[in-house]
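# Observations on chain architecture
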Amino acid sequence: METFITHARGLTARIADRREDRERFGRLAEGQSPLALFITCSDSRVVPSLITGARPGELFELRTAGNAVPTYHEGMPASGETATIEYAMRVLEVADIVVCGHSHCGAVAAKTRGDDLDGVPAVREWLAQQLSDGLPKDEGPTVEAAVQQHVCEQLERLRGYPCVRERLDSGEVKLHGWFYEVHTGMVSAHSPTTDSFLPL
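The sections below set out a description of the structure shown in this document. This structure is a prediction, so every number in the text was calculated from the model and none was measured. (Residues numbered from 1 in each chain as written. Predicted model: local features only at pLDDT ≥ 70, side-chain atom pairs only at ≥ 80, totals over all residues. Heavy atoms only, no water.)

### Overview of the overall build of the protein chain
Here is the rule we go by: Secondary structure elements follow DSSP: runs of H or I no shorter than four residues count as helices, runs of E no shorter than two count as strands, and numbering proceeds from the N terminus. Only protein chains enter the accessibility calculation, which uses a 1.4 Å probe. A residue is then buried if its area is under 20% of the maximum for its type, exposed if over 50%, and partly exposed in between. Contact between two residues is taken to exist if any of their heavy atoms lie within 4.5 Å; hydrogens are not considered. Computed with a 1.4 Å probe, the accessible areas rest on the Shrake-Rupley method; for each residue, only the protein chains presented here act as cover.
Along the backbone of the protein chain there are 8 helices and 6 strands. Walking the protein chain from its N terminus toward its C terminus, one meets helices and strands in the order α-α-β-α-β-α-β-α-α-α-α-β-β-β. Among the 200 residues that make up the protein chain, the fraction classed as buried is 40%. Across the protein chain, the fraction of contacts at a sequence separation of at least 24, relative to all contacts at a separation of at least 6, is 63%. On the protein chain, roughly 11,300 Å² of surface is accessible, and the fraction owed to carbon and sulfur atoms is 54%.

Here's what the structure looks like:
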């Protein structure tokens, strides 16, 4: 079986051989101007560029276990998550923020089912701190209802960040909640009007 490193080595060599790719990557060296901040789970089955069709330089990504956004509070310690959100808002000035949850999410499933996570204490503490105790119980494999509620809760958390709130108030950024089905490739988007997820 071909290893990941061998696969990556072959891919980069093929890219370097194509003139149009060399020119595109050359332009990326001049700086970034992404279209959106894309917040999603660390799950390897979720590939933002595949879901969106984005090319290099078009998405500024934040990936966390369970696509969780820490709750903002005054004086909170700096973290990778808060720094990424702040940079996207105040430096890159992206026009859209997408929070994308997914079916079969291990983080949400573990939280809602009360799984024993003593063997992974950092995961246990992250889920205890960042995922709501009020997520609906769901014994099905997709945990769809719980993930969708979780996505909406993360959108609310984002509204609490001053850097997000000021750009929302000025109409310079929009928030979007998505649900990705890993078993079908389908994406649904949250509709505030109906408070439901509809096909994108």
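### Considerations on the pairing of strand β6 (residues 196-199)
Side-chain positions along a regular strand alternate between the two faces of the sheet. This is how the line gets drawn: A strand pair is defined by DSSP finding two or more bridges across the two strands.
One ladder, built from 4 bridges, connects strand β5 (residues 187-191) with β6; its direction is antiparallel. If you follow A189 over to β6, its bridge partner there is L198.

### Quick look at the sheet that holds strand β4 (residues 174-180)
Put simply, the rule is: Axis definition: a line fit to C-alpha positions, over the contact stretch in the case of helices; interaxial angles, taken between N-to-C directions, run 0 to 180 degrees.
Across the sheet, which stays open at both edges, the 6 strands sit in the order β2-β1-β3-β4-β5-β6 with mixed pairing between neighbours. Of all the strands in the sheet, the pair left with one neighbour each is β2 (59-64) and β6. Here the strands of the sheet are splayed against their neighbours by 30° on average, with no regard to which way each runs. In this sheet, strand β3 (residues 96-102) lies alongside strand β1 (residues 36-41) in parallel orientation, the contact comprising 5 bridges. Paired with T40 across the two strands is C100, which belongs to β3.

### A word on the pattern of salt bridges
Using the following cut-off: Put simply, a salt bridge is a Lys or Arg side-chain nitrogen that is within 4 Å of an Asp or Glu carboxyl oxygen.
Under the counting rule described, the total for this entry stands at 7 salt bridges. Salt-bridge contacts for K111 lead to D133; the nearest nitrogen and oxygen are separated by 2.8 Å. Taken together, the residues K111 in helix α5 (residues 106-113) and D133 in the loop between α6 (121-130) and α7 (144-159) connect sequence positions 22 residues apart. When its relative accessible area of 17% is taken as the criterion, K111 is described as buried.

### A closer look at the packing of aromatic side chains
Rules: Ring pairs are drawn from Phe, Tyr and Trp, using the six-membered ring of Trp, whenever the two centres fall within 6.5 Å, and their geometry is named by plane angle: stacked under 30 degrees, edge-to-face over 60, tilted for the rest.
Counted under the stated rule, the structure contains 3 aromatic pairs. A centroid spacing of 5.9 Å and a plane angle of 75° characterise the contact between F38 and W178, whose relative ring orientation is edge-to-face. In this pair, F38 is assigned in strand β1 and W178 in strand β4, connecting sequence segments 140 residues apart. Side by side, F38 and W178 carry an identical accessibility label, which is buried. Ring centres of F60 and Y87 lie 6.0 Å apart, and the angle between their planes is 35°; on these two criteria the pair is classed as tilted. Taken together, the residues span a long stretch of sequence, with F60 in strand β2 and Y87 in helix α4 (residues 80-90) at a distance of 27 residues.

### Quick look at helix α8 (residues 162-169)
Keep this limit in mind: The directions considered for the arc are those from the helix axis to the C-beta atoms.
For α8, the complete set of buried residues consists of C163, V164 and R167. Viewed end-on, α8 has its buried residues packed into an arc of 100°, placing them on one side of the element. Those residues of α8 that are buried lie in contact with α4, β3, α7 and β4. One or two residues past the end of α8 sits G171, with phi positive at roughly 75°.

### Remarks on the side chain of H150
For clarity, the cut-off: In protein, a polar contact requires one atom able to donate a hydrogen and another able to accept it; more generally it is a pair of N or O atoms within 3.5 Å, and residues adjacent in sequence count only if both atoms are side-chain atoms.
With respect to the secondary-structure elements, H150 resides in helix α7. At a separation of 2.7 Å, a polar atom in the side chain of H150 contacts the main-chain carbonyl oxygen of G66. Excluding residues within four positions of it along the chain, H150 makes contact with G66, N67, A68, V108, Q130, L131 and L135.

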